[in-house]
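# Structural overview for review
As a plain string of letters, each chain reads:
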Amino acid sequence: QKEVEQNSGPLSVPEGAIASLNCTYSDRVSQSFFWYRQYSGKSPELIMSIYSNGDKEDGRFTAQLNKASQYVSLLIRDSQPSDSATYLCAVATSGSARQLTFGSGTQLTVLP
Amino acid sequence: DAGVIQSPRHEVTEMGQEVTLRCKPISGHDYLFWYRQTMMRGLELLIYFNNNVPIDDSGMPEDRFSAKMPNASFSTLKIQPSEPRDSAVYFCASSLRGRASGNTIYFGEGSWLTVV
């Protein structure tokens, strides 16, 4: 069983819709959770981090964390074609807060 | 800040040759990471350093892989001898300890390695 699991997609949504990306993790003592966006041929870039249960909003992005159920999600409101990318969920494992384990990513396409 | 700088950006080499990838972390960052990304296995942590000291190299696939960090501004990842299955994008990343940094890891642009 992978430590961090994501639906690989591809996920397609029309422009202006809400895109919902989900991630589950296996290490119950994980404390830090991150969403990275990776455009094709580029490096991952951090777009959201969340540490406590509940929702965290930043512009069009909302991260949701439920530690009891061991899942973290990312909602993108008013999706734009420029949001088309692979979204990577990352979890700081219990061994070290500096060591991230990444999911395999979900490929999102926003259709104009 | 210039960000994490990696070289070479692209390398094509023949099987059996030695490959050296280089990284300059963001100035002042005390953690440095080497990741490998492939379609099959995704983004995998190979090794990371704290204050130039290797902390965890459990992700290094084989003895053919080695990494060094002789000082705070330079690290290398070496593959000797290289094999076709080493073909991947190798990312170097760095971060700064502290609550304010929020564990943010900054990635370089990657080194695209093809072993033929």
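Please read these numbers as outputs of a predicted model, since none were measured by experiment.

Calculation rules
- Per chain, the residues get numbers from 1 upward, laid out in the order the sequence is written.
- Chain A is the first chain written and ligand 1 is the first ligand written, with later ones labelled in order.
- In keeping with the predicted nature of the model, local features appear solely for residues at pLDDT of at least 70, side-chain atom pairs appear and are counted solely at 80 or more, and the whole-chain, interface and lining totals rest on all residues.
- Heavy atoms from the whole structure form the basis of all side-chain values; hydrogens and water molecules are not counted.
- Each helix corresponds to a stretch of at least 4 residues labelled H or I by DSSP, and each strand to a stretch of at least 2 residues labelled E; elements are numbered beginning at the N terminus.
- Between the two quantities, the radius of gyration covers C-alpha atoms and the globule rule is 2.2 Å times the number of residues to the power 0.38.
- Per-residue accessibility, obtained with a 1.4 Å probe over protein chains only, is compared with the maximum for each type, and a residue is labelled buried under 20%, exposed over 50%, and partly exposed between these values.
- Areas reported here follow the Shrake-Rupley algorithm with a probe of radius 1.4 Å; residue values treat only the protein chains shown as occluding.
- Throughout, a residue-residue contact means that at least one pair of heavy atoms, one from each residue, lies within 4.5 Å.
- Here the quantity called buried area is the accessible surface, traced with a 1.4 Å probe, that two parts lose on coming together, added over both.
- For this analysis, a salt bridge means a side-chain nitrogen from Lys or Arg found within 4 Å of a carboxyl oxygen belonging to Asp or Glu.
- Pairs of N or O atoms within 3.5 Å make up the polar contacts considered here, provided that, within protein, one atom can donate a hydrogen while the other can accept it, and that residues adjacent in sequence are counted only when both atoms are side-chain atoms.
- Each residue is assigned to one of three groups, with Ala, Val, Leu, Ile, Met, Phe, Trp, Tyr, Cys and Pro labelled nonpolar, Asp, Glu, Lys and Arg labelled charged, and all others, Gly among them, labelled polar.
- Think of it this way: DSSP has to see at least two bridges between two strands before they count as a pair.
- Here, axes are lines fitted to C-alpha atoms. For helices the fit covers the stretch in contact, and angles between N-to-C directions go from 0 to 180 degrees.
- Only buried residues count toward a nonpolar core, which is a set of Ala, Val, Leu, Ile, Met, Phe, Trp, Tyr and Cys residues joined through side-chain atoms within 4.5 Å.

## Focus: the overall build of chain A
Helix and strand counts for chain A come out as zero helices and 11 strands. Going residue by residue from the N terminus, the α and β elements of chain A occur as β-β-β-β-β-β-β-β-β-β-β. Taking 13 Å as the expected radius of gyration for a compact globule of 112 residues, we find that chain A reaches 13 Å, a close match to that expectation. Principal axes of the C-alpha set define a box for chain A whose edges measure 40 × 30 × 20 Å. When the 112 residues of chain A are sorted by exposure, 45% land in the buried category. Counting every atom, chain A has about 5200 Å² of accessible surface; 46% of that belongs to carbon and sulfur.

## A word on the interface of chain A and chain B
Taken together, the contacts link 18 residues of chain A with 22 residues of chain B. A buried area of about 1600 Å², summed over both sides, lies between chain A and chain B, and 50% of it is on carbon and sulfur atoms. At the boundary of chain A with chain B, the tally comes to zero salt bridges. At the junction of chain A with chain B, the criterion picks out three residue pairs in polar contact (both at pLDDT 80 or more). Where the side of chain A that touches chain B is concerned, the elements lending two or more residues are strand E4 (32-38), strand E9 (85-92) and strand E10 (100-102) of chain A. The element contributing the most residues to the side of chain A that touches chain B is E4 of chain A, with four residues. Split into classes, the residues belonging to the side of chain A that touches chain B amount to 10 nonpolar, six polar and two charged.

## Things to note about the sheet that holds strand E8 (residues 74-79) of chain B
Residue and element names in this part refer to chain B. Spatial ordering of the open sheet is given by E1-E3-E8-E7, a layout of four strands whose pairing is antiparallel. In this open sheet, the two strands that pair with only one neighbour each are strand E1 (5-7) and strand E7 (65-71). The sheet shows a mean angle of 15° between the axes of neighbouring strands, taken without regard to direction. In this sheet, E8 lies alongside E7 in antiparallel orientation, the contact comprising five bridges. Residue pairing in the sheet places Ala67 in a bridge with Leu77 of E8.

## Points about the pattern of salt bridges
Evaluated as defined, the whole model comprises 11 salt bridges over all chains. A salt bridge links Glu45 of chain A to Arg37 of chain A; the nearest nitrogen and oxygen atoms lie 3.2 Å apart. The salt bridge involving Asp86 of chain B is made with Arg64 of chain B; its shortest N-O contact spans 2.7 Å. With Asp86 of chain B in the loop between E8 and strand E9 (88-95) and Arg64 of chain B in the loop between strand E6 (53-56) and E7, this pair connects stretches of sequence that are 22 residues apart. Per residue, the accessibility class of Asp86 of chain B equals that of Arg64 of chain B, and both read buried. Look at the salt bridges and you will find they share partners, linking Glu62, Arg64, Glu83, Arg85 and Asp86 of chain B into a network.

## Observations regarding the side chain of Glu44 of chain B
All names here are of chain B. Within the secondary structure layout, Glu44 lies in strand E5 (residues 42-50). Among the polar contacts listed, one links the side chain of Glu44 to the side chain of Arg41, at a separation of 2.7 Å. For Glu44, the residues in contact, after removing those within four places along its chain, are Trp34, Tyr35 and Arg36.

## Here we look at the pairing of E9 of chain B
Residue and element names in this part refer to chain B. The buried fraction of E9 is high, at eight of eight residues. Pairing geometry for strand E4 (residues 31-38) and E9, over seven bridges, is antiparallel. Among the inter-strand pairings, Tyr35 is bridged to a residue of E9, identified as Phe91. Strand direction decides the pairing type here: E9 and strand E11 (residues 111-115), joined by three bridges, are antiparallel. Across the sheet, residue Val89 finds its bridge partner in E11, namely Trp112. Relative to strand E10 (residues 106-107), E9 runs antiparallel, the two being bridged by two bridges. Note on E10: the bridge partner recorded for Ala93 is Phe107.

## Observations concerning the nonpolar core
Grouped together as the largest cluster of nonpolar side chains are 23 residues, with contacts concentrated most on Trp35, Val72, Leu74, Ile76 and Tyr87 of chain A. Once residues lying within four places of it in the same chain are set aside, the contact partners of Tyr87 of chain A are Gln6, Leu21, Trp35, Tyr36, Arg37, Ile47, Leu74, Ile76, Gly105, Thr106 and Leu108 of chain A. Counting 21 residues, the second-largest nonpolar core is a separate cluster that includes Leu32, Trp34, Ile47 and Tyr90 of chain B.

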